[in-house]
Each structure stands twice: as C-alpha cells, then as structure tokens.
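Chain by chain, the residues:
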Amino acid sequence: MAWKLFKDGKQIHLEPTVLRLLIYLISNRDRLVTHHELMDTVWGDTVISESALSKAVARLRKALGDNPASPRYIETVHSQGYRFAAEVEMPGQEAPVVRPPHETRILTRRNTTIAGIVAIALILVGFLYWPGQVEQGVQHSDQIRSIAVLPLKNLTGNPKQDYVTLGLHDTLTTELSRISELRVTSSQSTLHFRGSDLTAPEIASELGVDVLVEGSLLEIGERIAVNLQLIDGKTDAHIWARHFERDTPYIFNLLTDAANTIASEIGLPSDHEMIGAIAPSAIQAYWLGLDFMNQVSPVGLSRAIGQFHTATEIEPRFDLAWSNLAFAHFLQALAGFAPPHESMEQARLAAQQAIQVGNRPSLGLAALGLIRAWDQDIPGGCEAFRDALRINPSAPLAIHGDADCLLYEDREEESLERIRELSLIAPFSFMHQLPLSYHLFLARHYEEALAVTLNIQERFPHSPVHVNLSLIYWQQGQYDKALEEERRKYELYGDTEILELFDQDMATTTPQEFMRVIAEKLAERSGESYVDAFEIAEAYTRGGAVDEAIYWLTRAVEQKSFEAVHLPFRPDFDGLRDDPRFSQLLQRLGYPTSEP
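Residues numbered from 1 in each chain as written. Predicted model: local features only at pLDDT ≥ 70, side-chain atom pairs only at ≥ 80, totals over all residues. Heavy atoms only, no water.

Caption draft 1: The overall build of the protein chain, seen in detail. Looking only at helices and strands, one finds 25 helices and 17 strands in the protein chain. Per-residue burial over the protein chain gives 53% buried out of 596 residues. By element, 50% of the accessible surface of the protein chain is carried by carbon and sulfur atoms, the whole surface being about 26,300 Å². (Helix = DSSP H or I, 4+ residues; strand = E, 2+ residues; numbered from the N terminus. Buried < 20%, exposed > 50% of the residue type's maximum accessible area, 1.4 Å probe, protein only. Areas by Shrake-Rupley, 256 points an atom, 1.4 Å probe, with all protein chains shown as cover.)

Rendered as structure tokens:
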C-alpha cells in the first residue's frame, strides 16, 4: 500500500516511515501508544533509538503544523509515548475524516488497482490553515536558521545568584542546540557579550545569527521564574516574549518548554521531552560546577569536578552532571593538570554513566569520543561523535571530533568545511577557534593558517597561540620566528630551565642544533617527571635527529599521547615518512602508510 498526504490538493512529501507513523497513530487513536510499540511496529525489524523516534514525531508535527506546547494532533505523554488527539470520523465505508477543533479535516481513501498493486491515498484537505500562530511560524521558518542565547540578567537582587543565570544560559543553549535545522552559537561565545552595551543588531552581526534570545532571572527559591524574549537580529524588533515559571526541582522542564516554544515560534520542529524532578541541591552543585569549569585552570577544574561529583551523588541519574564531570576530567588530562591515564579513566567512567542514565547525553557521547580518540580507537571515537551530533547537531566538541573523523577518512576538504562551521558556532571561544588554525596547518595551507592564527592572537591577546605559530613558521622556513614563539610558549609554561637554554645556547647554534638541545633537556627531564613524548619527538624531528625522533614517537604511541592520532597528517614529520619504522607506527595506529 502506498499512502500519500495532501494539502489543498498538493502532495506533502514525507519519508515513508514518518507517514506510516501517522497512520499507526490514527489507527490507534483511542489509546496511548508507547515508544517501544511504535519502534517495534512502525520500524519493524530495524532497530532505532528513542531519539530517532522523537525526531520522526517532530518531522510529522512540522508537516501537520502541530505545536508540541499546545498540541492539536499529537500529544506527548512524558516517558511513555504518544496519543493522536484530533477527532476522527469514519463516514460509511469510506476513508476516515480527521477533524481538529474548529476546522474540517478530511481523510479519504481510494482503492486503485495498477498492475495488480493496490495504492491507497491518504488525503488531508486544507489541514494546514490556522490563522495567527502557525502562519507566523511558517513565515519565520524561511528566515531563521541561526540563533544565540545571550547571558541572562540576574534581577533577583542577590548577586550570589549570578551562577544560576550562567547555568540557565548554558542549559537553554544546549536545549536549543538539539534542534536539527538550527545553528546555535555556543554559550562560551555569547558570554563575551555579558554586560555589553552593544545593540541587538550589533551583537547579532558579530555572532552571525538571525535572532537573539534575551532573558532575565526573576526569582529563585522554591520556585524559579524567568522572562525570555526573541529579538530580530536585523531590526531589533521583539518577535516574541514569554514568562516561564516552575517549582525549582523542575527547572530543566522550564528550559525544555522554553526551547520547544521558541522552536515552534520560528517554525522548526522540536519535540524535546520533559525530565523528572532534580533536587535543588544537585542543581546548585551542577551550576556551580559549570561556573568553576569556565575558569579552565587547575583549581577551577578541580572544584568543578568536586561539584559535579556532589550533584551525581545527590541525583545518580543526573546525566548533564555526569557528562560535564567526564569533560572536566578530560580537560584535566589534556591540559596536563593531572596524570593522563588516571584522569582519562575517570572521564570514561563518567561518560559511560551519562550515556547509561540519560536521555540527552550529547556531551557525554562527545567526551567518550575524545576518550576513545586518546585511546587510539578512531572508529569508536567517530561513532560516539556522530551519535552526539544526532542528539545535538550544534555541539562544538562533537563537530570538532567529526572534522577529525573526516580527516581520518581522507576527506580533507570536507574536514576543513566542518571545522570552519565550528568557528561560526563558537566565534568568541578561543578553544573552538584555534582548531581551524591547526587543521589548516595539517592541510598545508600555511599562509591561511598563519593569517587565522594571528587573527586569533589579536582577538584573544592572552591566548596560547604560540604552539601553532611555531609549527607554521618552522614549516615556512622562518626559523627565527618559530624559535621566538617557542620561547613565548615556555614563558607561558613558566619553564625556567628551558628558558635558560634560550639565553645560553640559542645565539651560538643553528636553529636545528638548538632544537636538539631542547629535545635532550626534555628527554632528560622525562626520567624524573611526566613529559609528553610527542613533544620530545617533535623537537628531535626539527633537529634532524631521525633515530631519536622515531624512538620518542614510538613512546608517544605507547603512552597514548593525544597528539599521536594526528601523526599521519602532520607535515613536520614528512621527512620521516620513507622510514619503515614510521610506516610501522602508522600501522599500529590503524592508518594506511601512503603519503597524505
């Protein structure tokens, strides 16, 4: 049977599975249909996730012009399933007629035999016409494809509640990021405009978005109250304003409701389900953890981990707290603030817990992708990144991971486009801007990589861009500039021993000889404390010491140095590619040994 959906005599094209979903809901309109029943019957032998089911329902709602906040056709029963809500009539033996409130909706069926195949047409006549709300959503949907949530204002009169506004801001951004057809600016970038005097159009232009969400925290205690507004990024006109209020344990339901309502207002599908109550003490610990993690310092990350632990102890099924706990442990390892193996194992356990207990574990999946990449499990990492993107298409970490995966799959240009997309989503986040510089370096686009890196340095004067600049200058043969950036890197690290070498030896040696001096000092130090073997190998490579470079690269692969996963693409190791030992290292990492 072939079912078809029509509006005003014109066919509305839907995926066959989504159309079957509509038919099944109508056929069982007298009862609640559970998630599992729909997944087992509509999809048959195909195994899907509840997230995929939710997205199919969202696409169906979009076709019907249904609003999940005040549904006319499909009601959501939290954590259980869906119910078809509109009235359905069956006149005579003809096909059903669907009549939502105040409107006539006709559902007819014709039987036509063509070459022995029966085609059954499902016709909904005029079902998409409602004045006002839906008309407005359709109008916006042609224009609004990007959005940014500005930091909320704290109007409670208590400055100690500032961390709550940061938590609200971050969580609402995450909720909106789950809308598949919307580009959402990262919360790290919009924090740049906290307390800004710029107008809405000026901010929207800086962020490259169509609309802004502005808001304020009005009350926090047993109940929490928030006002939100949607602002046109070009005209500064107010598109929409709403007041949201909930008992504090249901604050995440408030934010989910807000995201669903905003999506409906701009004409995009969103069917995010509500979650249960969370203890206020766990919410407080979680938001304090986010505040500490934004510091990205040894003390800040340690305190963030403590707060996230507290939140998960109070609420063991708090997936957002588990996800951020995983990412905080990962950052500790990546920055060298804690022993890598220990921190990565803690990150892995937290990420797995986030995925196990949660219904929106995008950050947990992204963290798991990073951990698997560190573990040199590239296929497993890519699977986790892409699972994260199915839940949250605007997740910066997952987009970065996906760009790396495209590189691993020998899709260099697509990888660069993906990483450029990351720089659009997070234009004022140093952490998400620098990857473009590095990927351009990997692609051997040195001039563009240099221009991008210098621009980042200008916009973020205290950012540690010196590593990238040193790599680029060295590949361009500008050795003096490369060594000057090396000096600045070690100044940033506060490494007085290496800085003494610059004062004593640099003037009397060639740049290559001096890099060997640095490599020998780092190798000597590694016998007493942890030094990244990849950094030592990199210094020996610049110094032309092939045997030593291969030895330390082997150590880097064995120790699971995070940089080792990029070994097949790094241009600074091109001089080693003809060495059979280098080919063996690439094979150990699971890569082909041909030239990149």
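Caption draft 2: The sheet that holds strand β5 (residues 81-84), seen in detail. Read across the sheet, three strands follow the order β3-β5-β4 without closing on themselves; strand pairing throughout is antiparallel. Edge positions in the sheet fall to β3 (33-34) and β4 (74-77), since each has one partner strand and no second. Where β3 lies against β5, two bridges are found, and the strand directions are antiparallel. In the sheet register, T34 faces β5, and the bridge partner there is G81. (Pairing = 2+ DSSP bridges.)

Caption draft 3: How the structure looks around a nonpolar patch on the surface. Taken together, V467, L492 and Y493 make up a surface patch of nonpolar side chains, about 280 Å² in accessible area. Along the chain, the position of V467 falls in helix α19 (residues 466-475). (Patch = residues over 30% accessible without salt bridge, like charges linked within 9 Å, V, L, I, M, F, W, Y side chains within 5 Å. Salt bridge = Lys/Arg side-chain N within 4 Å of Asp/Glu carboxyl O.)

Caption draft 4: Summary view of the confidence of the model for the protein chain. Per-residue pLDDT for the protein chain averages 82, and the proportion of residues at 70 or more is 85%. No element of the protein chain has a lower mean pLDDT than strand β10 (residues 117-120), which averages 25, and none a higher one than α19, which averages 96. Of the regions scoring below 50 in pLDDT, residues 91-142 engages in 125 contacts with residues more than four places distant in sequence or in other chains. (pLDDT = per-residue confidence, 0-100. Contact = heavy atoms within 4.5 Å.)

Caption draft 5: Up close: helix α1 (residues 16-27). Between its first and last C-alpha atoms α1 spans 16 Å; for twelve residues at 1.5 Å apiece the expected length is 16 Å, and the two agree. Along α1, the residues classified as buried are T17, V18, L19, L21, L22, I23, L25 and I26. (Expected span 1.5 Å × (residues − 1).)

Caption draft 6: Representation of the packing of aromatic side chains. Counting across every chain of the model gives 19 aromatic pairs. Centre to centre, the rings of F330 and F562 are 5.7 Å apart; their planes meet at 70°, and the pair counts as edge-to-face. Placement of the pair is F330 in helix α11 (residues 319-334) and F562 in the loop between α24 (546-558) and α25 (580-588), with a sequence separation of 232 residues. The exposure classification of F330 matches that of F562, with both residues buried. Where F441 meets Y446, the ring centres are 6.2 Å apart and the plane angle is 50°; that geometry is what we call tilted. (Phe/Tyr/Trp six-rings, centres within 6.5 Å; stacked < 30°, edge-to-face > 60°.)

Caption draft 7: Main features of the pattern of salt bridges. Using the criterion set out here, one finds 34 salt bridges in the structure. Its salt-bridge partner being E409, residue R386 comes within 2.8 Å of it at the nearest N-O pair. Note that R386 is positioned in helix α14 (residues 378-391) and E409 in the loop between α15 (396-408) and α16 (412-425), a separation of 23 residues in sequence. By relative accessible area, which is 24% here, R386 ends up partly exposed. Between R570 and E563 there is a salt bridge, and its shortest N-O distance comes to 3.4 Å. Look at the salt bridges and you will find they share partners, linking R386, D402, E409, R411, E414, R418 and E421 into a network.

Caption draft 8: Fine view of the packing of helix α10 (residues 298-314) against α11. One can describe the packing of α10 onto α11 by two numbers: an axis separation of 9 Å at closest approach and a directional angle of 155°. As the angle between them shows, α10 and α11 are arranged roughly antiparallel. Along this stretch, α10 crosses α11, giving a crossing that reads as left-handed. Counting all contacts with α10, which are made through L301, S302, I305, F308, H309, A311 and T312, the residues of α11 involved are A321, W322, N324, L325, A328, H329, L331 and Q332. Here the contact of α10 with α11 is built from residues that sort into nine nonpolar, six polar and no charged. (Axes fitted to C-alpha atoms, helices over the stretch in contact; angles between N-to-C directions. Parallel < 35°, antiparallel > 145°, perpendicular 65-115°, else oblique. Left-handed = near helix turned anticlockwise from the far one by under 90°. Nonpolar A, V, L, I, M, F, W, Y, C, P; charged D, E, K, R; others polar.)

Caption draft 9: Spatial organisation of the pairing of strand β12 (residues 146-149). Residues S146 and A148 point to one face of β12 and I147 and V149 to the other, with burial holding for every one of them. Where β12 and strand β14 (residues 183-184) come together, two bridges link them in parallel fashion. The residue bridging I147 from the neighbouring strand is V184, located in β14. Looking at chain direction, β12 and strand β15 (residues 211-219) are connected through three bridges and run parallel. Note that in β15 the partner of I147 across the bridge is V211.

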